[in-house]
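A closer look at the structure
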There are 2 protein chains.
Amino acid sequence: MNSYQEKDKFYVAVDCIIFGFEDGKLKLLVFNRKINPFKDSLSLIGSFVKIGESVSDASKRILEEFTGLRNVYMKELKTYSSVDRDPGYRCISVAQYALIRIHKSIKKIVEQNEAQWFEVQELPALILDHNQMTTDALRRIEELARYRPIGFELLPEKFTIPQLQALYEAIYRRTLDPRNFRKKILSFDVIIKLDEKDKTSSKKGAFLYKFDRDKYQKLQESGYNFEI
Amino acid sequence: MNSYQEKDKFYVAVDCIIFGFEDGKLKLLVFNRKINPFKDSLSLIGSFVKIGESVSDASKRILEEFTGLRNVYMKELKTYSSVDRDPGYRCISVAQYALIRIHKSIKKIVEQNEAQWFEVQELPALILDHNQMTTDALRRIEELARYRPIGFELLPEKFTIPQLQALYEAIYRRTLDPRNFRKKILSFDVIIKLDEKDKTSSKKGAFLYKFDRDKYQKLQESGYNFEI
DNA sequence: TATAATAAATGTATTTTTTACATTTATTGT
DNA sequence: ACAATAAATGTAAAAAATACATTTATTATA
């Protein structure tokens, strides 16, 4: 590192790319800005990082502020630092992608914040480089989904195999064979069949399963490959 | 983002985790600091990012300054931003990992900078969180190597199949069967056999190959999986 | 209460990929 | 001429991926 130059100090921001899954579609949470700059424009949720917190502290702080959620699956995507990326400040942003479960409690908070879910295939224009961040995050989760079972982060605690399949089809943007999909998922031996059925989408109903986090951890530590 | 608070401005640094491959070993480039802070300690190469450049501009700038190299394979690893990571400044660092070819020209510059290559299995203590960065980068390239042919970035333009195998063995930290390795690599159809042999390591000599970047690009765009 | 409708659940044969494993070959130095 | 060295090669067996069609459980309705 070079000599101390006060002029070379930056604002550091975080922006959160929050994905959910509903009605068989992958969705992005977008906020309608109530304050300037960019009042009334659409954006990801973001904040400046405070001097007394880390980047991940900041992203947890605003995620909770905007959604009420804690302990969310959130990872760093990358930094965005073009000199001209923000006309207001010289600011670098560390983008974070998050995967959350959409359910009633969160829907209320989302409404209070004048936020909306958009299907990722039909995104509106967002401020600054937020569309680019979203595109980059989508590519990242598509890649990640090939060898990590991130799908479970987007589904409710209890889910059916057809729901899980629909999620993977949305991420990969192609259809999968239901027999082969089921065989593959069950072969990982990380989902537990429950005695309940979900009958919202068929008369027969589909058995509910839950993710076995402990078993997954152990398999992952032993280098197991969860490629779907 | 919140309201403008001059006190929430940060120094932003880049640190480069530079890997090379020599004598069948994966190595890290480490610098002996000639100036304070941390004079005479070992560290990655790093610099503050200047207000008029992006993070990637800064990392290219210092990589060229310390090694003379341009157009190097370099990717962002992640940011390090703990409040107490640097006792001198409130500074976040964006770590970048780079893969370079070790040859004569670079060896000279490395010596002039009082830098050294260390085998990654035998690293000395580095300043601040630089050992953590290195560990994280090693995990990343191990993961990346499974589906991207990054090995070619670390070898000379012309290389033999046994050399390529030794590199993958170093990255994965296990031995590979030479027949199966050769079969797999050739099946990708992205290396071109030359009419020359390298006789430095055997009397028979091993045929030299070069990487077919164009073909690789095309296959990658069509979603081809280079898993080794 | 029989029937129609719906999506869930299931099995197998074929192809492809991965793995395991030992011998021959080209060249150099003695 | 021969010894030494690492490179190059092939095949059989096992495992994984793929392609594909029928039966099942349940509800709503005739």
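Now for a quick tour of the structure. (Residues numbered from 1 in each chain as written. Chains lettered and ligands numbered in written order. Predicted model: local features only at pLDDT ≥ 70, side-chain atom pairs only at ≥ 80, totals over all residues. Heavy atoms only, no water.)

1. Details of the relation of the copies chain A and chain B
Mapping chain A onto chain B leaves a residual RMSD of 0.1 Å; the transformation is a rotation of 180 degrees accompanied by 0.1 Å of translation along its axis. Taken together, these values place the two copies in the relation of a two-fold axis. Most of the interface of chain A is mirrored in chain B: 100% of its interface residues are interface residues there too. (Least-squares fit on C-alpha atoms with pLDDT ≥ 70 in both. Contact = heavy atoms within 4.5 Å.)

2. Digging into the protein's contact with DNA strand D
Around DNA strand D there are 20 residues in total, and A:Arg179, A:Lys203, B:Arg182, B:Lys183 and B:Ser201 lie nearest to it. The sugar and phosphate moieties of DNA strand D supply 46% of its atoms located within 4 Å of the protein. A:Lys183 is positioned with one of its side-chain polar atoms (N or O) 3.0 Å from a base oxygen of DNA strand D. In the environment of DNA strand D, a phosphate oxygen lies 2.4 Å from a nitrogen or oxygen atom belonging to the side chain of B:Arg182. Examining the composition of the surface near DNA strand D, we find that four residues originate from one element, helix H6 (residues 178-188) of chain A, more than from any other. Grouping the constituent residues of the surface near DNA strand D by class yields three nonpolar, four polar and 13 charged. (Near = heavy atom within 4 Å. Polar contact = N/O pair within 3.5 Å; in protein donor to acceptor, adjacent residues only side chain to side chain. Helix = DSSP H or I, 4+ residues; strand = E, 2+ residues; numbered from the N terminus. Nonpolar A, V, L, I, M, F, W, Y, C, P; charged D, E, K, R; others polar.)

3. Overview of the interface of chain A and chain B
At the junction of the two partners, chain A supplies 44 residues and chain B supplies 44 residues. In total, about 3900 Å² of surface goes out of reach between chain A and chain B, with carbon and sulfur atoms giving 55% of it. There are two salt bridges connecting chain A and chain B. Here A:Arg148 makes a salt bridge to B:Glu143, at a shortest N to O gap of 3.0 Å. Counting across the interface, chain A meets chain B through 15 residue pairs in polar contact (both at pLDDT 80 or more). Broken down by secondary-structure element, the contributors of at least two residues to the side of chain A that touches chain B are strand E1 (9-22), strand E4 (45-48), helix H1 (55-67), strand E5 (73-80) and strand E6 (91-99) of chain A. Ranked by the residues each element gives to the side of chain A that touches chain B, the list is headed by E1(A), at five residues. In terms of residue class, the side of chain A that touches chain B is made up of 16 nonpolar, 12 polar and 16 charged. Inspection of the sheet shows E1(A) paired to strand E1 (residues 9-22) of chain B by three bridges, in the antiparallel sense. Its bridge partner lying in E1(B), A:Phe10 is registered against B:Phe10. (Buried area = accessible area lost by both parts, 1.4 Å probe. Salt bridge = Lys/Arg side-chain N within 4 Å of Asp/Glu carboxyl O. Pairing = 2+ DSSP bridges.)

4. Observations regarding the protein's contact with DNA strand C
Not every one of the 20 residues close to DNA strand C is listed here, only the nearest: A:Arg182, A:Lys183, A:Ser201, B:Arg179 and B:Lys184. For DNA strand C, the backbone makes up 45% of the atoms found within 4 Å of the protein, where backbone means sugar plus phosphate. Here a base nitrogen of DNA strand C and a side-chain polar atom of A:Lys204 are 3.0 Å apart. B:Lys204 is positioned such that a nitrogen or oxygen atom in its side chain is 3.0 Å from a base oxygen of DNA strand C. Elements supplying a minimum of two residues to the surface near DNA strand C: H6 and strand E10 (206-211) of chain A together with helix H6 (178-188) of chain B. The greatest single-element share of the surface near DNA strand C, amounting to four residues, is contributed by H6(B).

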